[in-house]
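Chain by chain, the residues run as shown.
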Amino acid sequence: MDIPSLMYETVASLAKAMFEANKSGQTAVYWRSYNLLRGYCEEQEAQGVSHPFPWETLADFTRDDIAAVPLYLHALKYAERTDTYRASILFELARRYQGCGRHEAAWTSATAANECAASLDDADLRRDIGRFMLELSAGR
């Protein structure tokens, strides 16, 4: 599932603005960029563009774990048959569930991420998911 170049440029530009604003303590710039990205996601969806990339990025930059969960779930529905996106979204969803204290949901998402990642040539992602699952199982 390729990312259309205009979508990539738009999302990457807003993500960069949020990253730099966060790093330099410019809260107003961060939130302005965040809201522009959210609006872009909603606009794309209204136009029938169903790609997980903008929604996953929005979730990544959502500071609150509880608020991020539905955004990852939204991205996940657009990544139905793409293990690359599914693995990363499910892994981040698991981490956010853990942050919310929802350990069973975290385990379920991490297990699903691990299953998706098994078919990928991404050793770093598979390693990170495995470590996360070990941490979760130690805390059970």
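What you are looking at is a predicted structure, and each value in this text was computed from that prediction instead of being measured.

Calculation criteria
- For every chain, the first residue of the written sequence is number 1, and numbering continues from 1 along that sequence.
- Side-chain atom pairs in this predicted model are given and counted only at pLDDT of 80 or more, local residue features only at pLDDT of at least 70, and totals for whole chains, interfaces and linings cover all residues.
- Note: side-chain values were computed over all heavy atoms of the structure, leaving out hydrogens and water.
- The helix count covers DSSP runs of H or I at least four residues long, the strand count covers runs of E at least two residues long, and both are numbered beginning at the N terminus.
- Our radius of gyration looks at C-alpha atoms and nothing else; its globule reference is 2.2 Å times the residue count to the power 0.38.
- The rule for a disulfide is simple: a pair of cysteine sulfur atoms within 2.5 Å.
- Accessibility here uses a 1.4 Å probe with only protein chains present; expressed as a share of the type maximum, an area under 20% marks a residue as buried, one over 50% as exposed, and anything in between as partly exposed.
- In this description, a line fitted to the C-alpha atoms serves as the axis of each element, helices being fitted only across the stretch in contact, and the angle between N-to-C directions of two axes falls anywhere from 0 to 180 degrees.
- In this scheme, roughly parallel covers angles under 35 degrees and roughly antiparallel covers those over 145, while 65 to 115 is roughly perpendicular and the rest are oblique.
- Handedness of a crossing is defined here by the sense of rotation of the near helix relative to the far one, left-handed for an anticlockwise turn of less than a right angle and right-handed for a clockwise turn.
- Between two residues, a contact is recorded if the distance between any of their heavy atoms is within 4.5 Å.
- Three classes are used: nonpolar for Ala, Val, Leu, Ile, Met, Phe, Trp, Tyr, Cys and Pro, charged for Asp, Glu, Lys and Arg, and polar for all others, with Gly counted as polar.
- By nonpolar core is meant a set of buried Ala, Val, Leu, Ile, Met, Phe, Trp, Tyr and Cys residues that side-chain atoms within 4.5 Å join together.
- We define a salt bridge as a side-chain nitrogen of Lys or Arg found within 4 Å of a carboxyl oxygen belonging to Asp or Glu.

Enquirer: Where do I start with the overall build of the protein in this structure?
Expert: A count of helices and strands for the protein gives seven helices and zero strands. Listed by position from the N terminus, the elements making up the protein come as α-α-α-α-α-α-α. Taking 14 Å as the expected radius of gyration for a compact globule of 140 residues, we find that the protein reaches 15 Å, a close match to that expectation. With the principal axes as the frame, the protein shows a C-alpha extent of 40 × 35 × 25 Å.

Enquirer: Just to check I follow, could you spell out the state of the cysteines for this structure?
Expert: Covalent bonding between the sulfur atoms of two cysteines defines a disulfide. Enumeration over the complete set of coordinates arrives at zero disulfides. The structure places no disulfide on Cys41, whose sulfur is separated from the nearest cysteine sulfur, that of Cys100, by 19 Å. On the accessibility criterion, Cys41 (0% relative accessible area) is buried.

Enquirer: In this structure, what is going on with the packing of helix α3 (residues 52–60) against helix α4 (residues 65–77)? I would like to understand it.
Expert: Angle between the axes and distance between the axes are the two parameters that describe a pair of packed helices. Between α3 and α4, the least distance of the axes is 8 Å, while the angle of their chain directions is 165°. Judged by the angle between their axes, α3 and α4 are roughly antiparallel. Crossing hand, α3 versus α4: left-handed. Contacts between α3 and α4 involve Pro52, Trp55, Glu56, Leu58, Ala59 and Asp60 from the former and Ala68, Leu71, Tyr72, His74 and Ala75 from the latter. Here the residues of the contact of α3 with α4 are counted per class, giving eight nonpolar, one polar and two charged.

Enquirer: Quick question: what am I supposed to make of the environment of Ile129 here?
Expert: Tracing the backbone shows Ile129 in helix α7 (residues 123–139). Of the residues examined, Ile129 reaches a relative accessible area of 0% and is grouped as buried. Spatially, the C-alpha atoms of Ile129 and Ala87 are 9.1 Å apart, while their sequence positions differ by 42 residues. Dropping the residues within four chain positions of it, Ile129 is found in contact with Ala87, Phe91, Ala110, Ala113, Asn114 and Ala117.

Enquirer: What is the right way to read the nonpolar core from this model?
Expert: In this structure, Leu37, Trp55, Leu58, Ile89, Leu125 and Ile129 are the most contacted members of the largest nonpolar core, which totals 42 residues. Those elements that provide at least two residues to this core are α1 (5–24), α2 (27–46), α3, α4, α5 (83–99), α6 (103–117) and α7. Ranked by the residues each element gives to this core, the list is headed by α5, at eight residues. Once residues within four sequence positions are removed from consideration, Leu58 is found in contact with Tyr34, Leu37, Arg38, Cys41 and Leu71.

Enquirer: What is the right way to look at the pattern of salt bridges in this model?
Expert: Note that side chains of opposite charge can pair when their charged atoms are close. Inspection of the entire model under this criterion finds seven salt bridges. Of the charged contacts in the structure, one is a salt bridge between Arg96 and Asp65, with a shortest N-O distance of 3.4 Å. With Arg96 in helix α5 and Asp65 in helix α4, the pair connects residues that are 31 residues apart, well separated along the chain. According to the relative accessible area criterion, Arg96 is buried, its value standing at 10%. Residue Arg95 is joined to Glu92 by a salt bridge in which the shortest nitrogen-to-oxygen separation is 3.5 Å. Placement of both Arg95 and Glu92 in helix α5 is noted, with a separation of three residues, approximately one turn of the helix. Because the salt bridges share partners, they merge into one network encompassing Asp124, Arg127 and Asp128.

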